[in-house]
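Each chain is listed here by its residues.
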Amino acid sequence: MAFVDVHAHLDFKDFDQDRAELIKKLKENNIITLSNTLNPTNYEYTKALYENCDHIHVLPGLYPQDAEKLTNKEFESYISYLKEHESDFMAIGEVGLDRYNTEDPKLWEIQEQRFKALIELGIELDKPLIIHTRKAEERVIEILEQYVQDTGFKKFDLHCFSGKKKLIPRIKALGIYCSIPLIVLNTQSFQLLVEELPVRQLLVETDSPFLNPSKERNSPLNIPQIYAKIAEIKGLNQKEIESILYRNFQKFIL
């Protein structure tokens, strides 16, 4: 059994000075990390950084703002590449919709078209998806509801979900996952999310190097703190929560 961080960015320059030491410490502390990427170039770069690390898994992603920038030919090429190399990755992420950083409805349409295409790729390959949504939470849930209804595919994780409280029952009904970040230590909305969702729908993330309540660089080494907070909120002991969350991860990726 291991601790699992399903959403980090270990390619960021924040880790350039001590990347080798971090790799060593993650292995020593039995922490599996899924390093999410933002576009095809970022995916290739990050794969090269961690090609010999069996406890760090690099995921191909397409951040919403990066999705806007690709030509149709570039996007289709990326999809084809991922189909040909599906054995190289265990999940797809991060992908999704973002109406905070993009205000043009025409670009929202491009984001949505490509998000749906990536969901369909995940369904075709039976690969889970780690989803970014900012100021577009309800629309993302609407899209996921349609795919779950039409296909029964439920391997979706809402990364760092910060949508309105009224959306939580819809997430619960879908039976999909939410990954809980380190800011659950001091943020009431994430504590409420843990309270409201069944423990079987929880995963854990750091979004490293971001989202450290101390404002210092975040890293997957902080993952045990999130496990402890979830255990506290759910009234479970540490070993129970470690077992449950690892089973959740296995169900998510298998």
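Quick notes on the rules
Every residue gets a number counted from 1 within its own chain, in the order that chain's sequence is written. Thresholds applied to this predicted model are a pLDDT of at least 70 for local features of residues and 80 or more for the giving and counting of side-chain atom pairs; totals over whole chains, interfaces and linings are not thresholded and use all residues. The basis for every side-chain value is the complete set of non-hydrogen atoms in the structure, without hydrogens or water. Lines fitted to C-alpha atoms define the axes here, with helix axes fitted over just the stretch in contact, and angles between the N-to-C directions of these axes take values from 0 to 180 degrees. Secondary structure follows DSSP: runs of H or I at least 4 residues long count as helices, runs of E at least 2 residues long count as strands, and numbering of each begins at the N terminus. What makes two residues a contact is simply this: any of their non-hydrogen atoms within 4.5 Å. Residue polarity follows a fixed list, in which Ala, Val, Leu, Ile, Met, Phe, Trp, Tyr, Cys and Pro are nonpolar, Asp, Glu, Lys and Arg are charged, and the others, Gly among them, are polar. What counts as a salt bridge is simple: a side-chain nitrogen of Lys or Arg found within 4 Å of a carboxyl oxygen of Asp or Glu. Exposure categories follow from relative accessible area, calculated using a 1.4 Å probe and restricted to protein chains: below 20% of the type maximum is buried, above 50% is exposed, and the middle band is partly exposed.

## Remarks on the packing of helix H2 (residues 40-49) against helix H4 (residues 72-84)
For the pair H2 and H4, the least separation of the axes is 11 Å and the interaxial angle reads 35°. The residues of H4 that touch H2, namely those facing Pro40, Tyr43, Glu44 and Lys47, are Tyr78, Tyr81 and Leu82. Its residues placed into classes, the contact of H2 with H4 shows five nonpolar, no polar and two charged.

## Quick look at the pattern of salt bridges
A full pass over the atoms with the stated rule returns 14 salt bridges. Across the salt bridge formed by Arg217 and Asp18, the nearest N and O atoms sit 2.9 Å from each other. Of this pair, Arg217 sits in the loop between strand E8 (202-204) and helix H9 (223-234) while Asp18 sits in the loop between strand E1 (3-8) and helix H1 (19-28), and the two are 199 residues apart along the sequence. Classification of Arg217 by relative accessible area gives partly exposed; the value is 34%. The partner of Lys155 in a salt bridge is Asp126, and the shortest N-O contact between them spans 3.2 Å.

## Here's the deal with unusual backbone geometry
Glycine aside, the phi torsion of most residues is negative, and most peptide linkages are trans. A cis amide bond links Gly93 to the next residue, Glu94, at an omega of 5°. Relative to the assigned elements, Glu94 resides in strand E4 (residues 92-98). For the peptide bond that leads from Ser208 to Pro209, omega is 10°, which places it in the cis range. For Pro209, the position within the fold is in the loop between E8 and H9. Although it is not a glycine, Cys160 adopts a positive phi angle of roughly 50°. Within the secondary structure layout, Cys160 lies in the loop between strand E6 (156-159) and helix H7 (168-174). The phi dihedral of Leu211 is positive, around 60°, even though this residue is not glycine.

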